[in-house]
Amino acid sequence: MPQPIRITVNGAPREFATAPTVAQFLDEMNLAGRRLAVERNGEIVPRSLFPEQRLAEGDTIEVVVAVGGG
Amino acid sequence: MAGEALVIAGKAYDSRLLVGTGKYRDFDETRRAIDASGARIVTVAIRRTNIGQKAGEPNLLDVLPPDLFTILPNTAGCYTADDAVRTLRLARELLDGHALVKLEVLGDPKTLFPHMPETLVAAKQLVAEGFQVMAYCSDDPIMALQLEELGCVAVMPLASLIGSGMGILNPWNLQIIIDRAKVPVLVDAGIGTASDAAIAMELGCDGVLMNTAIAQARDPVRMARAMKLAVEAGRESFLAGRMPRKPYEASPSSPESGLIRKSA
């Protein structure tokens, strides 16, 4: 029986009915296919691992992009 | 500037002007200004993405193709070495393993003055992780040389406070850094107008990095061109070697003989 999980994404709480992979998570957040980078609990998640790495209860996720800056 | 490239970490760039991408009206203006500047190295910031944005929303990296520009991710807004290192690890992943980065660790939100002890800690860690670090720093020659010793590929002392447009406040300190450093010295922050950039280059800087002076000009694209010309003019002037100053002693440029005179 899949358990719902609560995680923190860019500082805000989120709930998922079942633990998604990083790829599924990005899809659900409408971020699939974008130029971005993901950090999970302080560690980089390489893009190649998006389809296999599964999020877990209590994870802290950061999703970043490049923006204008000096 | 044929045959006179700026070399950073072994790579040659045919412009000595580096520009930021912040504070523009939109990406179209960003790109037009960058094109007018002739810059090859372009800074970007790394930030949390908006969750729930519309698909197809434009992305800054889409207007900066990597075959035309070297993207220089910065750590603007970081106040600790840990945050800066974390940010650049994300940047490296975002930019497919790209190693050239701009390190800046700030010490105070009002002045955005660099926090040099944290900058040194971050630089050491980043160099150990294989990053090529261009470090924003105070105009203290001891600090700049420490960064060089830690393995930074360029040191980037401020001309004046970030976004202040106050120009070069301490050319003498910059001169000491330029004279002593073996890695490229780029003036970063504080340039207000084209003459500031020319002065920096005349001092012998290897390059100039600016954002606000272009983005917040009344006509950013035109100012970008002015900056390109100023950096080129300043560099040429430096290489040409200025005439000696002769205080209190004029020297006419026209012949002193052969003047017409009222007949005696």
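Right above here is the structure, for reference.
All figures in this text were calculated on a predicted structure; none of them were measured in a lab. (Residues numbered from 1 in each chain as written. Chains lettered and ligands numbered in written order. Predicted model: local features only at pLDDT ≥ 70, side-chain atom pairs only at ≥ 80, totals over all residues. Heavy atoms only, no water.)

**Focus: the overall build of chain B**
No. 1: The secondary structure content of chain B amounts to eight helices and 10 strands.
No. 2: With respect to the principal axes defined by its C-alpha atoms, chain B has extents near 90 × 40 × 40 Å.
No. 3: Looking at chain B as a whole, 49% of its 264 residues are labelled buried.
No. 4: When contacts within chain B are restricted to residue pairs at least 6 apart in sequence, those whose partners lie at least 24 apart make up 66%.
No. 5: Looking at chain B as shown, the accessible area adds up to about 13,100 Å², and 52% of this sits on carbon and sulfur atoms.
No. 6: Taken as two groups, the 28 positive and 31 negative side-chain charges of chain B have centres that lie 5 Å from each other. (Helix = DSSP H or I, 4+ residues; strand = E, 2+ residues; numbered from the N terminus. Buried < 20%, exposed > 50% of the residue type's maximum accessible area, 1.4 Å probe, protein only. Contact = heavy atoms within 4.5 Å. Areas by Shrake-Rupley, 256 points an atom, 1.4 Å probe, with all protein chains shown as cover. Lys, Arg positive; Asp, Glu negative; His and termini not counted. Charge placed at Lys NZ, Arg CZ, Asp CG, Glu CD.)

**Details of the pairing of strand β5 (residues 70-73) of chain B**
Residues and elements named next belong to chain B.
No. 1: Residues T70 and L72 point to one face of β5 and I71 and P73 to the other, with burial holding for every one of them.
No. 2: Sheet topology note: the strand β4 (residues 41-48)/β5 ladder contains four bridges and is parallel. Bridge pairing in β5 places I41 opposite T70. (Pairing = 2+ DSSP bridges.)

**Brief notes about helix α8 (residues 220-240) of chain B**
Residue and element names in this part refer to chain B.
No. 1: Compared with an ideal rise of 1.5 Å per residue, which puts 21 residues at 30 Å, α8 spans 30 Å between its outermost C-alpha atoms and is within 8% of the ideal.
No. 2: Residues P220, A224, M227, A230, V231, G234 and R235 constitute the buried set of α8. Around the axis of α8, the buried residues are gathered within 125° of arc, so they sit on the same side. Opposite the buried face of α8, at more than 90 degrees from it, the exposed residues are R222 and A240.
No. 3: If you follow the buried residues of α8, they end up packed against β3 (17-19), α1 (27-37), α6 (194-203), β10 (207-210) and α7 (212-215).
No. 4: G241 sits one or two residues past α8 and shows a positive phi near 80°. (Expected span 1.5 Å × (residues − 1). Arc of directions from axis to C-beta.)

**Some details on the pattern of salt bridges**
No. 1: Counted according to the given criterion, the structure contains 16 salt bridges over all chains.
No. 2: Ionic pairing is found between E57(A) and R6(A), a salt bridge with its closest N-O pair at 3.5 Å. Remark: R6(A) occurs in strand β1 (residues 5-9) and E57(A) occurs in the loop between β4 (43-45) and β5 (60-68); sequence separation between them is 51 residues.
No. 3: A single network of salt bridges, built from pairs that share partners, joins E4(B), R16(B) and R235(B). (Salt bridge = Lys/Arg side-chain N within 4 Å of Asp/Glu carboxyl O.)

**Considering the pairing of β10(B)**
Residue and element names in this part refer to chain B.
No. 1: Burial along β10 is two-sided: G207 and L209 facing one way and V208 and M210 facing the other are all buried.
No. 2: Both β3 and β10 contribute to a ladder of three bridges, which runs parallel. Residue pairing in the sheet places V19 in a bridge with M210 of β10.
No. 3: Here three bridges tie strand β9 (residues 186-188) to β10, and the two strands are oriented parallel to one another.

**Brief notes about the packing of α1(B) against α8(B)**
All names here are of chain B.
No. 1: Their axes nearest at 7 Å, the elements α1 and α8 cross at an angle of 20°. Here α1 is positioned roughly parallel relative to α8, judged by the angle of their axes. Judged by the twist between their axes, the crossing of α1 over α8 is right-handed. Along the contact surface, α1 presents E29, R32, A33, A36 and S37, while α8 presents P220, V221, A224, R225 and K228.
No. 2: Residues belonging to the contact of α1 with α8 are distributed by class as follows: five nonpolar, one polar and four charged. (Axes fitted to C-alpha atoms, helices over the stretch in contact; angles between N-to-C directions. Parallel < 35°, antiparallel > 145°, perpendicular 65-115°, else oblique. Left-handed = near helix turned anticlockwise from the far one by under 90°. Nonpolar A, V, L, I, M, F, W, Y, C, P; charged D, E, K, R; others polar.)

**Some thoughts on the side chain of T87(B)**
No. 1: Note that T87(B) resides in helix α2 (residues 81-94).
No. 2: In this view, T87(B) contacts I46(B), N74(B), T75(B) and C78(B); residues no more than four positions away in its chain are not counted.

**Some points on the sheet that holds strand β7 (residues 132-137) of chain B**
All names here are of chain B.
No. 1: Spatial ordering of the open sheet is given by β6-β7-β8, a layout of three strands whose pairing is parallel. Every interior strand has two partners, whereas the edge strands, β6 (100-103) and β8 (154-157), have only one. For this sheet the average axis-to-axis angle between neighbouring strands, irrespective of direction, equals 20°.
No. 2: Relative to β8, β7 runs parallel, the two sharing four bridges. Following the sheet pairing, C137 is matched in β8 by P157.

**Some words on the nonpolar core**
What tends to happen in soluble globular proteins is that the nonpolar side chains get buried as a cluster.
No. 1: With 69 residues, the main nonpolar core has L147(B), I191(B), M210(B) and M227(B) as its most contacted residues.
No. 2: The element contributing the most residues to this core is α2(B), with seven residues.
No. 3: Every residue in contact with L147(B), bar those within four places of it in the chain, is listed here: M116(B), T119(B), L120(B), A123(B), A135(B), C137(B), C152(B) and V155(B).
No. 4: Core analysis: the second largest hydrophobic core is formed by 17 residues, V9(A), F16(A), F50(A) and L55(A) among them. (Core = buried A, V, L, I, M, F, W, Y, C linked by side-chain atoms within 4.5 Å.)

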